[in-house]
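The lines below spell out each chain.
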Amino acid sequence: MLRQDPQGPERPTVLHVSRPVDGKVARVVTDLVRCHTAAGVRSVVAAPPGGTLHRDAAAAGAGPGDGRTGQGTTSAPAAAASR
């Protein structure tokens, strides 16, 4: 497993992109965020609004995507607009 200093400048970031925002896929993404956070990897989730994914991923440690959603994750339209 990848281990990094979570405060270091080289801290890696993983972007999880998911269309389902509920159910099993959302649970798997949330579990991945939790594991990455524990390993010192910053996680960001991009997904359509709605469902429980944004809330659950933020609670599991997902960091803010672009700073505009206020949910600790990024909605797909916000992610596209930030390119």
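Everything here concerns the structure above.
Overview of the structure.

Here we take up the pattern of salt bridges. Pairing is possible between side chains of opposite charge, provided their charged atoms come close. Enumeration over the complete set of coordinates arrives at two salt bridges. A salt bridge links Arg55 to Asp56; the shortest N-O distance between them is 3.2 Å.

In this model, helix H1 (residues 23-38) (16 residues) spans 23 Å end to end at C-alpha, consistent with the 22 Å of a helix rising 1.5 Å per residue. For H1, the complete set of buried residues consists of Ala26, Val29, Thr30 and Val33. Taken end-on, H1 shows its buried residues confined to a sector of 100°, consistent with a single buried face. Looking at H1, the residues exposed on the side facing more than 90 degrees away from the buried face are Lys24, Arg27 and Ala38. Directly beyond the C-terminal end of H1, a positive phi value near 85° is found at Gly40.

Turning to the packing of H1 against helix H2 (residues 53-60), a few remarks are in order. For the pair H1 and H2, interaxial distance at closest approach is 8 Å and the crossing angle is 20°. Classified by the interaxial angle, the pair formed by H1 and H2 is roughly parallel. Along this stretch, H1 crosses H2, giving a crossing that reads as right-handed. Residue-level inspection shows Ala26, Val29, Thr30, Val33, Arg34 and Thr37 of H1 in contact with H2, the latter providing Leu53, Asp56, Ala57 and Ala60.

The rules behind these values
Residues numbered from 1 in each chain as written. Predicted model: local features only at pLDDT ≥ 70, side-chain atom pairs only at ≥ 80, totals over all residues. Heavy atoms only, no water. Salt bridge = Lys/Arg side-chain N within 4 Å of Asp/Glu carboxyl O. Helix = DSSP H or I, 4+ residues; strand = E, 2+ residues; numbered from the N terminus. Expected span 1.5 Å × (residues − 1). Buried < 20%, exposed > 50% of the residue type's maximum accessible area, 1.4 Å probe, protein only. Arc of directions from axis to C-beta. Axes fitted to C-alpha atoms, helices over the stretch in contact; angles between N-to-C directions. Parallel < 35°, antiparallel > 145°, perpendicular 65-115°, else oblique. Left-handed = near helix turned anticlockwise from the far one by under 90°. Contact = heavy atoms within 4.5 Å.

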